[in-house]
Amino acid sequence: MALHRGRGFAAVNYPIGMNLGGDPSQALVHANPDGKFTVSLSSIDLGQGMKSVTRQIAAETLGVPVEDVYVDTADSDTGPHCMGSFASRGTHRVGNAVIQAAQEARAVMLEAAAEELEVDAADLVTDGRGNIHVRGAPSRSITTMAACQAAQFRHGRTVSGRGIFLIPLSEVDPDTGEMTPVSCFAHAAMIVEVEVDDETGEVRVTDMKSAYEVGRALNPKLVEQQLRGGAWMGMSHAAWETTEPYYPDRAHGPVDFSGYLMPGPGDLAPHHISILERPAPDGPFGGKGPGEMCANPVLPAVVNAIYDAVGVRIDELPVTPEKVLRGLRAQGGARPRKRL
Amino acid sequence: MSADGMSNGMIEFRKELFADERDDTLNEIGKPTRRQDILGHVTGRSPFYDDHLFHGLLHMRCARSPHHAARIRRIDTTEAELSPGVVRVLTGRDVPLNLNTLLSLLDFGIDDEPVLSTDRVRYRGEPVAAVIAESEAAAREAAAKVRVEWEVLPHVLDVEEAIRPGAPVVLEIYPGNRFVYHGRYDHQKLRFGDVEAAFRTADHIIEGRYQISPIEQAPIETCGAIAAPETNDRYVCYTSTQALFFSLATTSKLLRLPSSRLHFIGGTVGGGFGGKVDSVHEPLAVLGAMLTGRPVKFMWDREEEMQVGGPRGAERWYIKDGVMRDGRIVARKFTGYFDSGAYTRLTSYAVIKAVGHLPGPYTIPNVHADVYCVFTNRTPATAMRGFGITGVDFAIEAHMDKVAEAVGMNPIDLRILNAYRDGDMKAHRRVAKNCALIECCQVVAEKAGVQLTSASRAASSRQGGGGERGRIPAHTALDQVGRVEGFDTGSYARKPARQAGATAARPAAAAPAPAPPQPRVPRLEPSRAASAAPPIPPAPAQPAQTGGPARSGPIRFSSISGFRRR
């Protein structure tokens, strides 16, 4: 009776946004009298950081500090339509809508600044710290607050913008399946290490080494948060979770967290992450959506690692001690492969 | 392991890769800015839907089917209504339009699922009545007193048993227990080249069968909504939805209430993972508020969340690969079964997404897939993180490991050899761009100390693609297998023109006793006729209604996109 170690590999790509398109999202941006901006959305923050990533996108586009932007969501009376937070679409779809809205608002702000500075708006740049100045002449400047106030109180203009992003819905060919599913894909590859107990059938995931390509890490901490949580969820889906342990039989369905198995803090594997950024041509600053795909490579990598460790193929998820033991029994014990 | 070790030194940014495609000199983008909402979250002050409590709040609980399949002979709510603290008991007859399919807002699929079943139940846990009471305990007690006379029917739980001739029919509108695609086939096809011809030339044939069981989204905050009468004859609804306007539009449709009378507030949600798009709670909570004139909360407990809430559906996949000695995969064939459970919800759409994803991130010159959305007598499946993709990625990548072993290759070398590259033609007939699979494989191999071949180390997503690899095959083998008759042609399964919108419309306030909704048997109609706009439904007899007909749905995404009238 022994513990057997093994390594397994998997690689995936992941489509960003609703399949076939047809999923618009809108954004409205406006400046308050003191040059602070509100971004109005109806997008949902599930904990993934929707409010924060759109805030950074708006600040970058407007050319103002992030502290000068606040994101307000989701009230159907004040927020414009959004299809929803799913399909890894939030950053990509809503981010693009926010860019469009912020660009329109920025243009008004720069026109007001140009009038105040008596220059051509095309010659103006923002420094991202709350100032607008003539390109190459930082001394000829005005604050974004003063520009917004001038627009509202002297020129009678709203510093505001409207944005929408839509990839029009496309059709699917019934005979060939020809379609335009999405416009960009995220990528991932992963090696996991497992330890398999050939006496109890228990599997421990002991380490994960990954590479995730996310287009652009718009906020590296938010990306890390998604990847860590998501990979652990993938681990859980591989070796713990199901509502129907004897699927397709419905018996023994769990009704609470003492019956619905999930890893506890002591079960979580260290995860060494590498982030690659190949900007999506139509992503906001190249960003894709890291939300869903980070879980996917873990499931197959775990079963491949179990095979590497003891020579048992588990083709039905989740992996359970029972399945491992049955596999071991069928082949007369562990047959380590150690191929990776 | 130290807390430090979890974040520091365990993440790196490989900025040198694709550096020429990025501008890394931005002000805010790329900065680890602290989240806007984090202070509220870590101090327990962020308001979630369940924090919006109202004076006089009522609580809703459902009475549910104990059977996988049964006919309802009679629902007797008398005892429940007399139970202490009960204000009202709702049944299907109280729901103005008691039939929906989630993606009807996209004109995808036929309305198939009642809010509260009146004549049949198709899964264990299907709701047949909703008790509204002064406390949660009172609602629970009364829900147990709803008496239903059941006639138990045969059921089917396995996807492949469900599609055998003679299997119990789950949903009368789909007699073969399969969703109908484009009005033409009982599955979605993918055909690219000729797999059978390529199998004959392959050195190895590798086959596998894979399955993933249903998985619960498991958010900390269970799904729910609180609705209350608002001033100006409107209803406010605080909701855990992942899609605010989707839930609003679904509520508007089911209650036959103009969307202008609905005010939905959400946005801060305690975990979703796909389980909060089904819009199950909002319509019943608002209906409860309409019929009682008081605030009503409808929230699942953990058991409902796990056994009644739609999970990630089960999937079963068969894969057959034709592989050359050097590891090149020349043909890949899939047969996939998505277990939709008793109703369609989002599974029909998940199938399309999966088909668009095949054969995974690899360039394979011959690909064939038949993927089925199968109805069984279990909790309807819905969205979950990785919707339509997670299950088949498991199958593909577990299979790739077997392929690597069969040809005696390192599994990472095998992936890189077959990886898709910029300019390659994908099986859904669009050219690949912006690829990065190879680089992900290389980085992981390097980190894990796996020795790759020199060819694998030299490979790039930006080189070696296109050319011959960028062409659609000269010949693609097509077939008519799985042809069905009797559905409208031209798009996905959709409503026969004249019956759409004419279903079960009745006043919300009154409670007459109409016949249960009849199954909508599809009729054969000319495709042109099917593209006529749905008829305007009659106005609901709401006392407060200011007049004018309600639209069948507040948002018709499809009429914007031209999907319906293409």
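Caption draft 1: Local environment of the overall build of chain A. What chain A contains, in helices and strands, is 6 helices and 12 strands. Whereas a compact globule of 340 residues would reach a radius of gyration of roughly 20 Å, chain A reaches 26 Å, over 25% beyond that. Seen along its three principal axes, the alpha-carbon backbone of chain A occupies a region of about 85 × 45 × 40 Å. Within chain A, buried positions represent 62% of all 340 residues. Sequence separation of at least 24 residues holds for 76% of the intrachain contacts in chain A that already meet a minimum separation of 6.

Caption draft 2: Looking closely at the overall build of chain B. Helix and strand content of chain B: 16 helices and 16 strands. Long-range contacts, defined as pairs at least 24 residues apart, comprise 79% of the intrachain contacts of chain B with a sequence gap of at least 6.

Caption draft 3: A look at the interface of chain A and chain B. Contacts between chain A and chain B engage 109 residues on the former and 109 residues on the latter. Elements supplying a minimum of two residues to the side of chain A that touches chain B: strand 1 (3-15), helix 1 (50-62), strand 9 (185-197), strand 10 (203-213), helix 4 (220-239), strand 11 (271-276), helix 5 (298-310) and strand 12 (316-317) of chain A. Considering each element in turn, the side of chain A that touches chain B owes the most residues, 7 residues, to strand 1 of chain A. Relative to strand 1 (residues 11-13) of chain B, strand 11 of chain A is paired through 3 bridges, and the arrangement is parallel. Across the sheet, the residue bridging to A:S274 is B:E12, located in strand 1 of chain B.

Caption draft 4: Quick look at the nonpolar core. Formed by 271 residues in total, the largest nonpolar core has its most connected members in A:V302, A:I306 and B:V131. Here the element with the most residues in this core is helix 2 (residues 90-117) of chain A; it accounts for 12 residues. Setting aside anything within four residues of it in sequence, one finds A:V302 in contact with A:G8, A:V192, A:V194, A:V205, A:M235, A:A238, A:A239 and A:V319.

Caption draft 5: Representation of the sheet that holds strand 3 (residues 70-76) of chain B. Residue and element names in this part refer to chain B. Ordered in space as 5-3-7, the 3 strands form an open sheet in which the pairing is antiparallel. Each having just a single partner strand, strand 5 (120-121) and strand 7 (147-152) make up the two edges of the open sheet. Bridging between strand 3 and strand 7 involves 6 bridges; their strand directions are antiparallel. Along strand 7, the bridge assignment pairs I75 with V148.

Caption draft 6: Helix 3 (residues 144-154) of chain A, seen in detail. All names here are of chain A. Looking only at helix 3, the buried set comprises T144, A147, C148 and A151. An end-on view of helix 3 places all buried positions within 95° of arc, on one side of the element. Of the exposed residues in helix 3, the ones pointing more than 90 degrees away from its buried face are F153 and R154. Looking at the buried side of helix 3, the elements it contacts are strand 2 (25-31), helix 2, strand 5 (124-126), strand 6 (131-134) and strand 7 (137-143). Following helix 3 by one or two positions, G156 has its phi on the positive side, about 65°.

Caption draft 7: Local environment of the domain arrangement of chain B. Residues and elements named next belong to chain B. Segmenting chain B into domains produces domain 1 (50-153 + 218-307) and domain 2 (188-215 + 311-470). Using only C-alpha atoms to locate each centre, domain 1 and domain 2 end up separated by 39 Å. The interface is formed by 18 residues belonging to domain 1 together with 16 residues belonging to domain 2. Class assignment for the residues of the side of domain 1 that touches domain 2 results in 7 nonpolar, 7 polar and 4 charged.

Caption draft 8: Expanded view of the sheet that holds strand 7 of chain A. Residue and element names in this part refer to chain A. Judged by pairing direction, the sheet is antiparallel, and its 3 strands sit side by side in the order 5-6-7 without closing on themselves. Either end of the sheet is taken by a strand with one partner, and the two such strands are strand 5 and strand 7. Mean inter-strand twist for the sheet, computed between neighbouring axes without regard to direction, equals 35°. This element, helix 2, spans strand 5, strand 6 and strand 7 of the sheet and lies at about 115° to strand 7. Together, strand 5, strand 6 and strand 7 form the strand contacts of helix 3, whose direction differs from that of strand 7 by roughly 50°.

Caption draft 9: Expanded view of the domain arrangement of chain A. Residues and elements named next belong to chain A. Assigned domains of chain A: these are domain 1 (3-16 + 183-330) and domain 2 (25-165). Averaged C-alpha coordinates put domain 1 and domain 2 at centres separated by 39 Å. In this assembly, 15 residues from domain 1 lie in contact with 15 residues from domain 2. Of the residues contributing to the side of domain 1 that touches domain 2, the split by class is 7 nonpolar, 6 polar and 2 charged.

Caption draft 10: Spotlight on the pairing of strand 10 (residues 224-230) of chain B. Residue and element names in this part refer to chain B. Counting buried positions over the 7 residues of strand 10 gives 5, a clear majority of the element. Pairing of strand 10 with strand 13 (residues 296-299) involves 4 bridges; the strand directions are antiparallel. Within strand 13, the position partnered with A225 by the bridge is F298.

Caption draft 11: Representation of the packing of helix 7 (residues 244-255) of chain B against helix 8 (residues 281-292) of chain B within the structure. All names here are of chain B. At their nearest, the axes of helix 7 and helix 8 sit 8 Å apart, and the two run at 55° to each other. Accordingly, the angle class assigned to the pair helix 7 and helix 8 is oblique. Between helix 7 and helix 8 the crossing geometry is right-handed. Residues S247, T250, T251, L254 and L255 of helix 7 form the contact with helix 8, whose own contacting residues are E282, P283, V286 and L287.

Caption draft 12: Quick peek at unusual backbone geometry. In this model, A:T73 is joined to A:A74 through a cis peptide bond whose omega is -5°. Phi at B:F273 is positive, roughly 60°, even though this residue is not glycine. Within the secondary structure layout, B:F273 lies in the loop between strand 12 (262-265) and helix 8.

Caption draft 13: Main features of the confidence of the model for chain B. Residues and elements named next belong to chain B. Looking at chain B as a whole, the pLDDT averages 88, with 85% of positions reaching at least 70. This model gives residues 1-7 a pLDDT under 50, and the stretch forms 4 contacts once residues within four places in sequence are excluded. For residues 493-566, every residue scores under 50 in pLDDT, and the model assigns this stretch 137 contacts once sequence neighbours within four places are set aside. This prediction of the complex comes with two scores: 0.91 for pTM and 0.98 for ipTM.

Caption draft 14: Expanded view of the environment of A:R250. Looking at the secondary structure, you find A:R250 in the loop between helix 4 and strand 11. Residue A:R250 is classed as buried on the basis of its 22 C-beta neighbours within 10 Å. Ignoring anything within four residues of it in the chain, the contact list for A:R250 reads A:E244, B:R124, B:L157 and B:R378.

Caption draft 15: Just the packing of helix 4 of chain A against helix 5 of chain A, in detail. Residues and elements named next belong to chain A. Following both chains from N to C, one finds helix 4 and helix 5 inclined at 50°, their axes separated by 8 Å at the closest point. Between helix 4 and helix 5, the crossing angle belongs to the class labelled oblique. Judged by the twist between their axes, the crossing of helix 4 over helix 5 is right-handed. Contacts between helix 4 and helix 5 involve A231, G234, M235, H237, A238 and A239 from the first element and V298, L299, V302 and V303 from the second. Class assignment of the residues belonging to the contact of helix 4 with helix 5 gives a composition of 8 nonpolar, 2 polar and no charged.

What counts as what
Per chain, residues are indexed from 1 in the order of the written sequence. Chain labels run from A onward and ligand labels from 1 onward, assigned in the order the entries are written. With the structure being a predicted model, the display of local features is reserved for residues of pLDDT at least 70 and the display and counting of side-chain atom pairs for 80 or more, all residues being used for whole-chain, interface and lining totals. A run of H or I in DSSP becomes a helix once it reaches four residues, and a run of E becomes a strand once it reaches two; helices and strands are each numbered from the N terminus. Radius of gyration here is computed from C-alpha atoms only, and the compact-globule reference equals 2.2 Å multiplied by the residue count raised to the power 0.38. Burial in this document is a count-based property: other C-beta atoms within 10 Å of a residue's C-beta are tallied, and the residue is buried at 20 or more, exposed at 12 or fewer, or partly exposed in between, with C-beta positions derived from the backbone. By definition, residue pairs are in contact when their C-beta atoms, positioned from the backbone, come within 7 Å. Strand pairing is defined by DSSP finding a minimum of two bridges between the two strands. For the purposes of this analysis, a nonpolar core is taken to be any set of buried Ala, Val, Leu, Ile, Met, Phe, Trp, Tyr and Cys residues that are connected through C-beta atoms within 7 Å. Within this analysis, the arc is defined by the directions that extend from the helix axis to the C-beta atoms. Segmentation of the chain into domains, including their bounds, is taken from an automatic or database domain assignment. Lys, Arg, Asp and Glu make up the charged group, whereas Ala, Val, Leu, Ile, Met, Phe, Trp, Tyr, Cys and Pro make up the nonpolar group; the residues left over, Gly among them, are polar. Convention adopted: a line fitted to C-alpha atoms gives each axis, helices being fitted over their contacting stretch, and angles between N-to-C directions are expressed from 0 to 180 degrees. Orientation labels follow simple angle bins: below 35 degrees gives roughly parallel, above 145 gives roughly antiparallel, 65 to 115 gives roughly perpendicular, and whatever is left gives oblique. Crossing handedness is read from the near helix: turned anticlockwise from the far helix by less than a right angle, it gives a left-handed crossing, and turned clockwise, a right-handed one. Confidence scores labelled pLDDT are given residue by residue by the predictor and lie between 0 and 100.

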